[in-house]
Amino acid sequence: MTDVAHVIVAALAAALDVDPARVVPGASLYDDLGADSLAVMEVLGALEDELGIDLPASTAFALQLRTAGDVITAFRARSQP
């Protein structure tokens with residue numbers, strides 16, 4: 001995992017109060033990690049601040065992120081120069 005992925009895994013685990021070992025790319029934010037849409041929006045905002053990477057500011061975009069891997073991919077895609 002890259003540094004961005006490590007930061008995301010740690011943030012998701014802390015925000016959702018789960019063991020970081022459960023935060024794998026295929027883990028559903030909702031079904032496997034117990035998130036609700038508000039928790040996802042909050043952790044995305046915190047990650048944007050921490051990583052200095054902006055995601056599209058829409059609920060529709062956030063709701064498309066279904067897995068931990070989706071979150072990692074979204075931030076990686078926007079961190080490239």
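A short tour of the structure in this document, coming up. Worth saying up front: this structure is predicted, and the values here are computed from it rather than measured.

1. Remarks on the packing of helix H1 (residues 3–16) against helix H4 (residues 68–79)
Across the interface, H1 lies against H4 with an axial gap of 10 Å and an inter-helix angle of 135°. One way to sum up the angle between H1 and H4 is to call them oblique. Judged by the twist between their axes, the crossing of H1 over H4 is right-handed. For the pair H1 and H4, the contacting residues are Val4, Ala5, Ile8, Val9 and Leu12 in the first and Ala68, Val71, Ile72, Phe75 and Arg76 in the second. Across the contact of H1 with H4, the residue classes tally to nine nonpolar, no polar and one charged.

2. Concerning helix H2 (residues 37–51)
Taking 1.5 Å per residue as the helical rise, H2 with its 15 residues ought to reach 21 Å, and the 21 Å between its terminal C-alpha atoms agrees with that figure. Listed as buried for H2 are Ala39, Val40, Val43, Leu44 and Leu47. Axial view of H2: buried residues confined to an arc of 130°, hence all on one face. Exposed positions of H2 whose direction lies more than 90 degrees from the buried face are Leu38, Glu42 and Asp49. Immediately downstream of H2, the backbone of Gly52 shows phi near 70°, a positive value.

What counts and how
- Residues numbered from 1 in each chain as written.
- Predicted model: local features only at pLDDT ≥ 70, side-chain atom pairs only at ≥ 80, totals over all residues.
- Heavy atoms only, no water.
- Axes fitted to C-alpha atoms, helices over the stretch in contact; angles between N-to-C directions.
- Helix = DSSP H or I, 4+ residues; strand = E, 2+ residues; numbered from the N terminus.
- Parallel < 35°, antiparallel > 145°, perpendicular 65-115°, else oblique.
- Left-handed = near helix turned anticlockwise from the far one by under 90°.
- Contact = heavy atoms within 4.5 Å.
- Nonpolar A, V, L, I, M, F, W, Y, C, P; charged D, E, K, R; others polar.
- Expected span 1.5 Å × (residues − 1).
- Buried < 20%, exposed > 50% of the residue type's maximum accessible area, 1.4 Å probe, protein only.
- Arc of directions from axis to C-beta.

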